[in-house]
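Examination of the molecular architecture
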Amino acid sequence: MTRARRGTGLGTPLVAVPPAVVGVAFLLVPTLALLVRTPWDRLGAIYRDEHVWTALRISIESSLEATALSLVFGVPLAWMLARLRVPGIGLARAIVTIPLVLPPVIGGVALFNGFGRNGLLGRPIHTALGQDLPFSYLGIVLAQVFVAMPFLVITVEGAFRISDRGIEEAAATLGASRSRIFLRVTVPLVMPAIVAGAVLCWARALGEFGATLLFGGNVRGSTQTLPTLVLSVFQTNPADAPALALPLMLVAVLVLVGLRDRWLRTAATS
Amino acid sequence: MSLDVAGGVRVGEFDLDVSIDAAPGEVLAVLGPNGAGKSTLLRALAGLLALDTGAVRLGSHVLDDPARGVFVAPQQRRLGVVFQDHRLVPHLRVVDNVAFGLRARGADARNARAAAHTWLDRLGVGELARRHPRQLSGGQAQRVALARALACEPEALLMDEPLAALDVQTRAEVQGGLREHLGAYGGPALIVPPDPIEALLLASRIVVLERGRVVQVGSPAEITSRPLTPYVARLVGMNLYPGTADGDTVRVDGGGSVVAADAPGGRVLAALRPSAITVHTEQPHGSSARNIWTATITSLVPLGDRIRVGTSGELPATVDVTAAAVAELELALGRQVWLSAKATDVTAYPAP
């Protein structure tokens with residue numbers, strides 16, 4: 001079979017081999033280096049540092065809260081983008097896409113000018129919350145929502161777009177209100193996409209750095225997350241930085257394994 | 001409460017404009033070729049499609065009347081709808097699918113489930129209650145869908161049937177059960193059967209749609225004995241000749257003529273059963289049949305215990321003969337034969 005295909009000139013083009021090998025090596029070497037250069041002997045000492053555990057706890061808590069907020073606001077938003085046929089919906093979709101293409105650090109600047117003390121909505125926010133958002137714990141959660149929610153919205157929107165409208169029609173003839181159809185039929189139908197989108201969103205929120213650094217600051221014990229801690233450690237004690245990458249790499253691997261089937265399926269059907 | 005629609009709706013290039021009514025307890029079958037508008041009609045009645053003109057009424061209750069700005073959403077119509085593709089909710093168990101409508105209308109979980117079990121038992125699928133829809137066969141899914149529609153005690157039943165996808169055995173079982181359940185149901189039922197035989201078995205009245213228009217309405221007996229269009233004639237297996245009657249002779253459009261025992265004047269349709277035609281290999285002499293014509297055999301298709309013979313000629317006709325007759329007369333494709341039919345077997349009636 002392989003022989004026959006090679007004979008007909010449909011085998012691997014030799015010209016493609018070297019760039020492909022160089023490409024994968026380029027991606028592999030730095031990741032490998034993290035493992036090789038981790039100071040395994042001092043791992044215990046590094047992780048006994050209270051600041052590390054605090055940063056890890058803040059990272060996990062804030063990223064989970066950001067994911068929860070993204071689900072609450074993002075799933076209905078995804079439905080609107082997928083189903084509404086009104087002028088301006090294209091614009092709304094573009095707005096959702098902005099954080100995907102904007103450098104996160106610019107996202108931080110944007111958040112400052114939108115929700116900061118002197119931002120567009122600074123005064124009403126201060127009145128409502130009794131505090132300012134920048135350099136607060138809530139600030140880093142919102143910075144993560146800003147950067148990560150679009151991943152969820154885009155994933156779920158695609159699923160709403162292709163989900164079976166016929167079952168919703170059947171539910172309507174059975175007397176189910178629109179809200180009931182949305183909650184009991186439509187959302188469960190796209191649940192796999194919601195889970196996948198939430199995982200992507202959470203992974204992105206956990207690794208968020210640029211917007212978090214600018215909008216949240218890098219205040220030990222309140223707004224320092226694992227990624228911003230890595231910056232501080234890298235500036236003072238670069239040899240210890242690879243050790244702090246371990247939890248983040250572990251998450252990356254788990255997400256990859258968890259979503260592998262889905263990605264393979266998507267690739268196969270598209 | 002009767003269900004009636006008189007009006008039209010445009011969907012893209014397709015235009016449906018009909019006047020149909022179904023009385024309480026009546027099973028009305030809607031027949032028509034693909035794309036005739038059967039599903040569109042059901043969608044308009046169910047409220048999944050709004051009329052552009054006319055009105056839909058359920059008893060004295062107006063469900064849709066664009067001229068008066070009335071449109072009742074499908075949720076409020078209280079119609080039971082069974083879709084061709086069942087449309088069971090995939091993540092809900094069978095019992096919860098059936099309870100879904102009751103829950104949506106405010107029943108508490110326990111009562112809704114109890115009612116759902118009752119309906120599943122009544123339709124003979126009680127043992128499937130804990131399954132998920134993907135674990136059902138086509139016939140089972142249809143019964144569950146019917147149970148789900150009936151559980152809400154709808155004012156009228158709309159049923160788009162999928163039997164084409166079922167195997168013969170299941171199909172026979174489902175048909176048997178369906179007749180029983182439709183008989184027990186007191187409201188008007190509008191069904192779209194997959195084939196005319198089913199319509200003849202189930203329906204008290206048949207409506208034939210073609211290209212978005214009603215071309216014929218009548219009892220199964222009327223439809224089968226007096227088809228009004230070539231489509232209906234093919235559907236019920238009749239030969240149909242449109243023409244002009246002059247005395248007892250009908251001059252057929254496109255040439256030839258047939259003699260009918262009792263023909264009205266003017267434009268008529270002359271219908272002739274395939275089994276009423278006799279095939280001869282030579283010109284029949286001394287036959288009492290007043291219609292004798294020549295034809296060429298163009299097809300021979302087995303149909304049950306008979307052979308359906310297609311012929312062309314001045315009066316193209318479909319003829320049913322026994323297999324023995326085919327062998328005895330040495331009938332074969334391309335063979336010239338003589339056909340004869342008695343005038344009393346030709347029914348002539350005014351053309352629409």
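Overview of the structure. (Residues numbered from 1 in each chain as written. Chains lettered and ligands numbered in written order. Predicted model: local features only at pLDDT ≥ 70, side-chain atom pairs only at ≥ 80, totals over all residues. Heavy atoms only, no water.)

What follows is about the side chain of A:Ser70. Within the fold, A:Ser70 resides in helix α4 (residues 50-83). A residue is classified by how much of its surface remains accessible, and A:Ser70, at 0% relative accessible area, is buried. (Helix = DSSP H or I, 4+ residues; strand = E, 2+ residues; numbered from the N terminus. Buried < 20%, exposed > 50% of the residue type's maximum accessible area, 1.4 Å probe, protein only.)

Okay, helix α10 (residues 178-189) of chain A next. Taken together, the buried positions of α10(A) are A:Ile181, A:Val185, A:Thr186 and A:Val187. The inward-facing, buried residues of α10(A) contact α4, α8 (137-162), α9 (165-173) and α11 (191-207) of chain A together with α2 (94-104) of chain B. (Contact = heavy atoms within 4.5 Å.)

Quick look at the sheet that holds strand β8 (residues 156-160) of chain B now. All names here are of chain B. Pairing is mixed in the open sheet, where six strands are placed in the order β7-β8-β9-β3-β10-β11. For this open sheet the edge positions go to β7 (79-82) and β11 (213-218), each flanked by a neighbour on one side alone. Put simply, the sheet's adjacent strands are angled 15° from each other on average, direction ignored. Across four bridges, the pairing between β8 and strand β9 (residues 189-192) is parallel. Pairing of aspartate 160 across the sheet is with valine 192, part of β9. (Pairing = 2+ DSSP bridges. Axes fitted to C-alpha atoms, helices over the stretch in contact; angles between N-to-C directions.)

Side-chain pairing between opposite charges can occur once the charged atoms of the two side chains come close. All names here are of chain B. Counting across every chain of the model gives 19 salt bridges over all chains. In this structure, the salt-bridge partner of arginine 68 is aspartate 65, at a minimum N-O distance of 3.6 Å. One salt bridge in this structure joins aspartate 320 and arginine 308, with 2.9 Å as the shortest N-O distance. Pair noted here: aspartate 320 is in strand β19 (residues 317-322) and arginine 308 is in strand β18 (residues 306-312), with a separation of twelve residues, a long-range link. (Salt bridge = Lys/Arg side-chain N within 4 Å of Asp/Glu carboxyl O.)

So, on to the side chain of A:Thr67. By the element assignment, A:Thr67 lies in helix α4. A relative accessible area of 8% means that A:Thr67 is categorised as buried.

Let us now look at the interface of chain B and chain A. Between chain B and chain A, the contact holds 20 residues from the first and 18 residues from the second. Both faces considered, chain B and chain A share a buried interface measuring about 1,600 Å² in area, 64% of it formed by carbon and sulfur atoms. Here chain B is connected to chain A by two salt bridges. We note a salt bridge from B:Arg87 to A:Glu169, for which the minimum N-O separation is 2.7 Å. Secondary structure elements with two or more residues in the side of chain B that touches chain A: α1 (38-46), β7 and α2 of chain B. Considering each element in turn, the side of chain B that touches chain A owes the most residues, four residues, to α2(B). Within the side of chain B that touches chain A, the residues separate by chemical class into twelve nonpolar, three polar and five charged. (Buried area = accessible area lost by both parts, 1.4 Å probe. Nonpolar A, V, L, I, M, F, W, Y, C, P; charged D, E, K, R; others polar.)

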